[in-house]
Structure formats: C-alpha cells, structure tokens
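Architecture at a glance
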Amino acid sequence: MFTIYGRANSSNVRKVLWLCEEIGQTEYERLDYGRGYKPCSSPEYMALNPNMVVPTLVDGDTVIWESNTQLRYLAAKYGPEEIYPTELVVRACVEQWLDWQLTTAIAGIRHLFQGLHVKDEAFTDPKALEGAHKQATNSMGILDAHMAQSGTYIAGENLTIADCCLGMYVHRWYALPIERAEYPALAAYYHRLSEREAFQKWILEQGV
Ligand SMILES: N[C@@H](CCC(=O)N[C@@H](CS)C(=O)NCC(=O)O)C(=O)O
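First, a word on what this report is: a plain description of the structure on this page. Note that the structure is predicted; figures quoted are calculated from it, not measured.

The rules behind the values
Residues numbered from 1 in each chain as written. Predicted model: local features only at pLDDT ≥ 70, side-chain atom pairs only at ≥ 80, totals over all residues. Heavy atoms only, no water. Near = heavy atom within 4 Å. Polar contact = N/O pair within 3.5 Å; in protein donor to acceptor, adjacent residues only side chain to side chain. Areas by Shrake-Rupley, 256 points an atom, 1.4 Å probe, with all protein chains shown as cover. 1 Å grid on protein atoms, 1.4 Å probe; cavity = no way out; pocket = protein on both sides within 12 Å on 5 of 7 lines; lining within 4 Å. Sits in = over half its atoms within 2 Å of the grid points. Nonpolar A, V, L, I, M, F, W, Y, C, P; charged D, E, K, R; others polar. Helix = DSSP H or I, 4+ residues; strand = E, 2+ residues; numbered from the N terminus. Buried < 20%, exposed > 50% of the residue type's maximum accessible area, 1.4 Å probe, protein only. Contact = heavy atoms within 4.5 Å. Phe/Tyr/Trp six-rings, centres within 6.5 Å; stacked < 30°, edge-to-face > 60°. Lys NZ or Arg CZ within 6 Å of the ring centre and 35° of its normal. Axes fitted to C-alpha atoms, helices over the stretch in contact; angles between N-to-C directions. Parallel < 35°, antiparallel > 145°, perpendicular 65-115°, else oblique.

Digging into the site of the ligand
The ligand sits among 13 residues. The nearest are R7, R35, V54, E66 and S67. With respect to the ligand, the side chain of R7 contributes an N or O atom lying 2.8 Å from an oxygen atom. In the model, an oxygen atom of the ligand is placed 2.7 Å from a nitrogen or oxygen of the S67 side chain. Here the ligand, which alone exposes 510 Å², has 75% of that area covered by the protein. Among the cavities detected, the one that contains the ligand is the largest pocket. A breakdown of the residues in the shell around the ligand according to their chemical character gives five nonpolar, five polar and three charged.

Structural data, given as structure tokens:
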C-alpha cells in the first residue's frame with residue numbers, strides 16, 4: 001500500500017487521486033497535508049519533500065514529489081498499458097502535454113484560481129488578473145485546437161495520464177467565475193470527462 005501526502009482539494013493531489021481511481025488502485029493511505037491542514041513546512045514533511053508543496057507519494061522506500069512524475073510512476077507500475085502508452089509517438093504526445101501543463105498551461109489558471117477563488121491578495125491586482133485571463137484563454141485555445149483533431153482524449157481514443165493531468169485544469173477553467181471564449185472541442189472534451197465516475201468523484205465533486 002502506498003501513501004499520498006496531500007489535501008484532497010489541491011489540484012495536483014486530485015490529478016493523482018483521479019488516476020488511482022481510474023486504474024483501480026484505491027487501497028492507498030492519504031494524509032491531509034497542505035494549506036489548511038498539517039503544514040508542509042514541518043520537519044517531518046520537509047524530509048520527504050523539501051519543496052513544501054503537496055502531493056508527495058511514498059511507495060515502500062520510494063519517495064516521489066512532482067505530481068506529474070507520480071502520474072507516470074503509478075501508471076507505469078499499476079496501470080494498464082493504455083493509460084501510459086509505450087508506443088514511442090503516442091508516449092511522446094502524452095509527455096508533451098504533461099510538460100506543457102507544468103511549463104505553460106498552469107500559469108494563467110493558477111493566478112486566476114488564487115485571485116478569484118482563494119482570494120489571496122498577492123493575486124488580486126486587476127491588471128495581473130487580466131494578464132492571467134489572457135494567458136489562460138490562450139492555453140485553453142491551444143488545447144481546444146488540439147482536441148478538435150485528436151479524437152476522444154488528448155492522445156487519441158484512450159484516456160491517458162495526459163488527461164488526468166490536464167482535465168483538472170479544464171475543469172478549473174469551466175468552474176472559475178470568468179468570461180470564457182467559445183471553445184467547442186474543449187467543451188465537448190470536458191463533457192466527456194464529466195461522464196467518467198472517477199472524474200466526478202475527484203474533480204467535479206471536490207469543488208473548483
Ligand atoms: N509542481 C508541483 C506543484 C505542487 C503545488 O504547487 N502544490 C500546491 C497545491 S496544488 C501546494 O502544495 N500549495 C501549498 C499548500 O497547500 O500548502 C507538483 O505538480 O506537484
């Protein structure tokens with residue numbers, strides 16, 4: 001049995017919990033660390049994850065931080081082949097979108113979430129919010145264009161960890177109180193994800 005350190009209302013934790021549900025690995029232990037719960041700045045947590053963020057995954061002697069790496073690890077260890085395909089070109093597609101989430105897509109959406117939902121004063125400046133909205137609109141436009149030609153899911157006909165990673169932020173884009181551009185392929189994708197029980201449990205039912 002592995003342990004996931006992280007509160008279930010964190011986007012990065014929810015990605016991992018969604019994947020676990022999809023692959024039927026539900027016998028894990030989850031400990032509430034992070035904002036509003038046990039502090040990530042405590043010595044015992046920092047010994048596991050010096051970044052002071054959630055989630056951290058502990059599987060036996062293996063300790064992994066970075067949620068997308070946890071997705072890769074859990075999918076490779078416990079999942080069916082389709083969820084983290086080994087065929088080179090499909091694998092590259094999955095990796096590309098996982099990396100894009102962390103390097104590009106997260107910036108605007110995170111700022112909007114912190115400013116409009118958490119209402120953290122460091123993120124409420126109107127000009128900065130406008131910039132974040134442009135960034136998020138642009139990122140979701142890129143994903144919309146991709147979904148218009150990719151098929152059912154990001155890497156084709158099967159759900160992969162690229163969906164577990166980005167579906168969380170597609171949900172946030174639709175759940176935040178913002179103006180949204182018309183993105184028909186993205187909306188259809190969100191609707192498809194919303195029909196999955198595991199997505200309902202860990203993404204839709206956990207709030208924004
Ligand atoms: N790149 C990291 C980012 C982790 C991160 O930013 N986690 C947020 C929650 S989504 C966090 O720990 N915030 C501080 C806290 O909850 O104490 C990952 O993907 O694991």
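Brief notes about the side chain of N49
By the element assignment, N49 lies in the loop between α2 (43–46) and β3 (56–59). Looking at N49, the relative accessible area reads 1%, which means it is buried. Among the polar contacts listed, one links the side chain of N49 to the side chain of N51, at a separation of 2.9 Å. What N49 contacts, discounting residues up to four positions off in sequence, is P55, T56 and W65.

What to know about the side chain of S42
Within the secondary structure layout, S42 lies in the loop between β2 (29–31) and α2. A distance of 3.1 Å separates a polar side-chain atom of S42 from the backbone oxygen of P39.

Describing the packing of aromatic side chains
For the structure on display, the rule yields 10 aromatic pairs. Summarising the aromatic geometry, the rings of Y5 and Y33 are spaced 5.5 Å apart at their centres and angled 45 degrees between planes, so their arrangement reads as tilted. Separated by 28 residues along the polypeptide, Y5 in strand β1 (residues 3–5) and Y33 in the loop between β2 and α2 bring together distant segments of the chain. The same class applies to Y5 and to Y33, which are both buried. In this structure an aromatic cluster arises from ring pairing among W18, Y174, Y190 and F199. Over the ring of Y84 we find R91, and its NZ or CZ is 3.6 Å from the ring centre. The aromatic ring of F113 is capped on one face by R172, whose charged end is 3.5 Å from the ring centroid.

As for the packing of helix α1 (residues 11–22) against helix α3 (residues 67–78)
Between α1 and α3, whose axes approach to 9 Å, the crossing angle comes to 10 degrees. Between α1 and α3, the interaxial angle falls into the category roughly parallel. When α1 is examined against α3, the residues N12, K15, V16, L19 and C20 are found in contact with a partner set consisting of S67, N68, Q70, L71, L74 and A75. Taken together, the residues that form the contact of α1 with α3 break down as six nonpolar, four polar and one charged.

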